[in-house]
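Okay, here's what each chain looks like letter by letter:
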Amino acid sequence: MSSIIIIPARYASTRYPGKPLVELRGPDGEAKSLIRRSWDAATAVSGVDRVVVATDDDRIRSHAEGFGAEVVMTSESCRNGTERCAEALETLGGGHDIVVNLQGDAPLTPAWFVEDLIAGLSATPAAEVATPVLRCDGAALQGFRDDRKAGRVGGTTAVFRADGMALYFSKEVIPYSDGVATDGPETPVFHHVGVYAYRPSALAAYGRLPVGTLETLEGLEQLRFLEHGHPVLCVEVEARGRQFWELNNPSDVERIEAMLASGAGA
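Residues numbered from 1 in each chain as written. Predicted model: local features only at pLDDT ≥ 70, side-chain atom pairs only at ≥ 80, totals over all residues. Heavy atoms only, no water.

**Q** Any details on the overall build of the protein chain? Residues and values, ideally.
**A** A count of helices and strands for the protein chain gives 9 helices and 12 strands. For the protein chain, whose C-alpha radius of gyration is 17 Å, the value lies close to the compact-globule estimate of 18 Å for 266 residues. Split into buried and exposed, the 266 residues of the protein chain put 54% on the buried side. Considering only intrachain contacts with a sequence separation of at least 6, the fraction spanning at least 24 residues in the protein chain is 69%. For the protein chain, the accessible area works out to roughly 11,300 Å², and carbon and sulfur atoms hold 49% of it. Between the mean site of the 25 positive side-chain charges and the mean site of the 37 negative ones, the protein chain shows a separation of 2 Å. (Helix = DSSP H or I, 4+ residues; strand = E, 2+ residues; numbered from the N terminus. Rg over C-alpha atoms; globule rule 2.2 N^0.38 Å. Buried < 20%, exposed > 50% of the residue type's maximum accessible area, 1.4 Å probe, protein only. Contact = heavy atoms within 4.5 Å. Areas by Shrake-Rupley, 256 points an atom, 1.4 Å probe, with all protein chains shown as cover. Lys, Arg positive; Asp, Glu negative; His and termini not counted. Charge placed at Lys NZ, Arg CZ, Asp CG, Glu CD.)

**Q** Hey, could you go over the pairing of strand β5 (residues 70-73) for me, with residue numbers and the actual values?
**A** Examined bridge by bridge, strand β4 (residues 50-55) and β5 share 4 bridges and lie parallel to one another. Paired with Ala54 across the bridge in β5 is Val72. Of the crossover connections in this fold, the one passing from β4 over helix α2 (residues 58-66) to the parallel β5 is right-handed. (Pairing = 2+ DSSP bridges. Right-handed = clockwise from strand over helix to strand, strands pointing away.)

**Q** Explain the pattern of salt bridges to me, using residue names and the numbers behind them.
**A** One pass over the full model with this rule turns up 15 salt bridges. Put simply, Arg79 and Glu83 hold a salt bridge, and the shortest N to O gap is 2.8 Å. Across the pair Glu215 and Arg224 runs a salt bridge, and its minimum N-O distance is 2.8 Å. Residue Arg224 is classed as buried on the basis of its relative accessible area of 0%. Among the charged side chains, a network of salt bridges with common partners joins Arg79, Glu83, Glu215 and Arg224. (Salt bridge = Lys/Arg side-chain N within 4 Å of Asp/Glu carboxyl O.)

Everything listed here is a matter of geometry and, on its own, says nothing about what the molecule does.
Pasting the structure below:
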């Protein structure tokens, strides 16, 4: 099956304006922009036919083309990365069986997360969308709790059926787990990794679906699919000793640089 990775990137982030161009220093001391590191992560995925950056900002376009990325311009009216991917695919003329949305704030995404995601969607005809989930260890769960207590938006958590079909996603820590100890290697909480794989038909339909209450309250684009009955598959992936985090807030720069220094990502 033919697959394409689209990296949506916008400059006017509400929480962190200019985020795609923020520089992150790697273990070798070299500073690379967030969008460059996300591009590097995308091009490391095997079996993908094309990688494209989708943006509405000339600064991001110029910067991305400067390091060799293919760029497609999209409108400023896109409300989230899924809408931007849908517009980008239409502009590109389609031609792919699976479209992956590797969000531009997730440079630590291991290649096998995306490879497993594509394989999971390919093997599950009932699913229209797929997204990875990673079981939290105690340290990760404690990090979620600390972020919420400090009023920070940290990672997103997911709950799903026995067959992997999603029940809900939240920026709160779900399921309720306050009594769960954080000194062990496993917890019942799953971190939602912000990567999506869509069938083109589901992606094309997304922009026509009305924004629902849950998507509005949580600020999570994937909830639009669930609110309108489109099945979303949660594909459990393994960390294999790697750490993972998205860049959501300015305070995350130091955290991600520390993860890069420990060997997570390029």
